[in-house]
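Descriptive analysis of the structure
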Amino acid sequence: GLTLISPLDGAPTDTLLNAEEVGVIIDIEAFWKRNELILDDITLRNGLVCLYYNEFGASNLDIFPPDTTTVVSEADTATSELFKFINFNKITLDNMTIHYIDDDLVMSTQLIGLSGNIKGSMVGDVIHTDITTDPFVMTFAYDHEPYLNAANLKLDVVSDLVLYPFSFHLDTLSGVLNNLPIQLSGDMSMDTAYETIFMDILYQLNTFKIADLLTLVPPSYTSYLKGINIEGRVSSQGHVQGMYNDTTMPLMDVQLRLMDGHLTYADLLPCPVSNMQGNIHIYTDLYDDKASYLQINTFSAVALKSSVNIAGRVDHLFSDMHLNLTTDLALNLKELNTMLPDSMNLAMTGMVKGQVKSDLAMSQIEKMQIEKMRLSGQFSVSGLEAL
């Protein structure tokens, strides 16, 4: 086995690397003549890697003391590095645990049971990698918020990582996250002075269960889902671009397709809604009420003996939602009785079919302010009784 110790104040452990079994082949000629580190057939089995950066940027990777015996000119700075070039042609990981902790960025990642193959190179702080893994478990937190908590993950990744200051270019990523097939590409970088992440990410999610997606909602956002129970299948693709910090979220341009959905929400809906099918475009940063909107290309659903088909747009998603919709409906009036205020003292039976165009606010619906709503349409009524 092999153990490398690199103590640094604040690190969770003095151990940089510990492995039950280690194997490596080094190109001695490249090392001796060209100051290059060429590594072939590296094997790490049953071990731990802990990479740590403190709030001042110091790392437990700094295992070699600086050379203070020679004055180096600016022109020779590049050649004064420990190695001009590091190349790892094949790294085989078998049941490894990897911790990456950065106190300056308030970010941490933990990979458990990691097995797979890695090849790539390192020049300065820039690491290029091509990674293929077997299924493993991942936890990721930023600013003490756990965005992934013991998530099951399998990956194929081609990327470039700058260790400090942190930036990340994702050429391609394909994998499975908690049963969600996912494809990503794009860039991320950090501005530590303003504790901000900049991102420009394209994604595609093939068909998956909504329940699997909900397992990935961070704890601070679960309050938005209180009282909502939703099932079904979804596929999605989109673009996430902009800044993320305590006051800003990136803009999310999302195309969403819903299949065979089922929804219960007692605070708003008097009965379950089933057989939901939809094609929806969402544009939002979760903060800016004026910039956010939801475009309903198509949506259909069934509630007991009633059915509805909707197309249109919803604005002001985070205040008094404004709805501009065209709706084709078939309503069982008896099912609407629970939505009428008690002061109306009215009970209805019968069926209403037709199309309605609406331009109204959610507050007008909640207060039954029909006189303020802009409504037009044509209906046919059968079996109507009002008592």
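Calculation notes
Residues numbered from 1 in each chain as written. Predicted model: local features only at pLDDT ≥ 70, side-chain atom pairs only at ≥ 80, totals over all residues. Heavy atoms only, no water. Helix = DSSP H or I, 4+ residues; strand = E, 2+ residues; numbered from the N terminus. Rg over C-alpha atoms; globule rule 2.2 N^0.38 Å. Buried < 20%, exposed > 50% of the residue type's maximum accessible area, 1.4 Å probe, protein only. Contact = heavy atoms within 4.5 Å. Areas by Shrake-Rupley, 256 points an atom, 1.4 Å probe, with all protein chains shown as cover. Lys, Arg positive; Asp, Glu negative; His and termini not counted. Charge placed at Lys NZ, Arg CZ, Asp CG, Glu CD. Pairing = 2+ DSSP bridges. pLDDT = per-residue confidence, 0-100. Phe/Tyr/Trp six-rings, centres within 6.5 Å; stacked < 30°, edge-to-face > 60°. 1 Å grid on protein atoms, 1.4 Å probe; cavity = no way out; pocket = protein on both sides within 12 Å on 5 of 7 lines; lining within 4 Å. Points joined across faces, edges and corners; volume = space filled by probe spheres on them. Nonpolar A, V, L, I, M, F, W, Y, C, P; charged D, E, K, R; others polar. Salt bridge = Lys/Arg side-chain N within 4 Å of Asp/Glu carboxyl O. Polar contact = N/O pair within 3.5 Å; in protein donor to acceptor, adjacent residues only side chain to side chain.

**Considerations on the overall build of the protein**
For the protein, the count of helices and strands is 3 helices and 19 strands. In summary, the protein has a C-alpha radius of gyration of 28 Å against a globular reference of 21 Å for 387 residues, an excess of more than 25%. Here the protein holds 387 residues, and the buried ones make up 36% of them. The contacts of the protein with a sequence gap of at least 6 include a subset with a gap of at least 24, amounting to 53%. Carbon and sulfur atoms form 57% of the exposed surface of the protein, whose accessible area is close to 22400 Å². Put simply, the protein has 20 plus and 49 minus side-chain charges, and the middle of one group is 15 Å from the middle of the other.

**Comments concerning the pairing of strand β9 (residues 167-177)**
With 10 bridges joining them, strand β8 (residues 145-162) and β9 adopt antiparallel strand pairing. Across the sheet, Val157 pairs through a bridge with Leu173, a residue of β9. Examined bridge by bridge, β9 and strand β10 (residues 180-191) share 9 bridges and lie antiparallel to one another. Within β10, the position partnered with Gly175 by the bridge is Ile182. Hairpin connection, β9 to β10: the antiparallel pair is bridged by 2 residues, and Asn178 has positive phi, about 45°.

**What about the confidence of the model for the protein?**
Put simply, the protein has an average pLDDT of 86, and 90% of its residues get 70 or more. Taken together, the stretch residues 72-80 has pLDDT below 50 and engages in 3 contacts with residues farther than four places along the chain or on a different chain.

**Side note on the packing of aromatic side chains**
Applying the stated criterion to the full structure yields 5 aromatic pairs. With a centroid separation of 6.2 Å and 85° between ring planes, the pair formed by Tyr147 and Tyr244 is classed as edge-to-face. Taken together, the residues Tyr147 in strand β8 and Tyr244 in strand β12 (residues 228-244) connect sequence positions 97 residues apart. On the basis of relative accessibility, which here comes to 15%, the residue Tyr244 falls in the buried class.

**Focus on empty space enclosed by the protein**
In total, this model carries 1 cavity of 30 Å³ or more according to the counting rule given. The space that makes up the largest cavity amounts to roughly 50 Å³. In this structure, the largest cavity is lined by Asp104, Leu105, Tyr142, Met190, Asp191, Thr192, Glu195 and Thr196. In terms of residue class, the lining of the largest cavity is built from 3 nonpolar, 2 polar and 3 charged.

**A word on the pattern of salt bridges**
Side-chain pairs of opposite charge can arise whenever the charged atoms involved come near each other. Across all of its chains, the model carries 5 salt bridges by this definition. Asp94 serves as the salt-bridge partner of Arg45, at 2.7 Å between the closest nitrogen and oxygen. Here Arg45, found in strand β3 (residues 36-53), pairs with Asp94, found in strand β4 (residues 85-102); they are 49 residues apart in sequence, far enough to count as distant. Here Arg233 makes a salt bridge to Asp260, at a shortest N to O gap of 2.7 Å. Of the two residues, Arg233 is situated in strand β12 and Asp260 in strand β13 (residues 251-265); the sequence distance between them amounts to 27 residues. Here Arg233 falls in the partly exposed class, since its relative accessible area comes to 33%. On the basis of relative accessibility, which here comes to 42%, the residue Asp260 falls in the partly exposed class.

**Examining the pairing of β12**
Note: strand β11 (residues 196-209) against β12, 11 bridges, orientation antiparallel. Looking at the pairing, Asp200 lines up with Gln241 of β12. In the sheet, β12 pairs with β13 via 13 bridges, with the strands oriented antiparallel. Its bridge partner being in β13, Glu231 is matched across the sheet by His262. The turn linking β12 back onto β13 is made up of 6 residues.

**Re the side chain of Ser300**
Within the secondary structure, Ser300 sits in strand β15 (residues 293-303). Apart from the residues within four sequence positions on either side, Ser300 is in contact with Asn275, Met276, Gln277, Val308 and Asn309.

**Let's talk about the environment of Leu258**
Topologically, Leu258 is positioned in strand β13. Sequence-wise, Leu258 and Phe299 are 41 residues apart; in three dimensions their C-alpha atoms are separated by 8.6 Å. Residues within four places of Leu258 in sequence aside, it is in contact with Ile210, Arg233, Val234, Met276, Gln277, Gly278 and Phe299.

**With respect to the side chain of His99**
Its place among the elements puts His99 in strand β4. Within the structure, His99 has its side chain in polar contact with the side chain of Gln110 (distance 3.3 Å). In this structure, His99 is in contact with Leu48, Val49, Cys50, Leu51, Thr109 and Gln110, ignoring residues within four places of it in sequence.

**With respect to the environment of Leu331**
Among the structural elements, Leu331 can be located in strand β17 (residues 322-332). For Leu331 and Leu16, which are 315 residues apart along the polypeptide, the C-alpha to C-alpha distance reads 66 Å.

**Some remarks on the environment of Asp14**
Topologically, Asp14 is positioned in the loop between β1 (2-5) and β2 (15-26). A relative accessible area of 41% means that Asp14 is categorised as partly exposed. Separated by 46 residues in sequence, Asp14 and Asn60 have C-alpha atoms that sit 8.4 Å apart. Those residues within four positions of Asp14 in sequence are excluded, and the remaining contacts are Leu4, Ile5, Ser6, Pro7 and Leu8.

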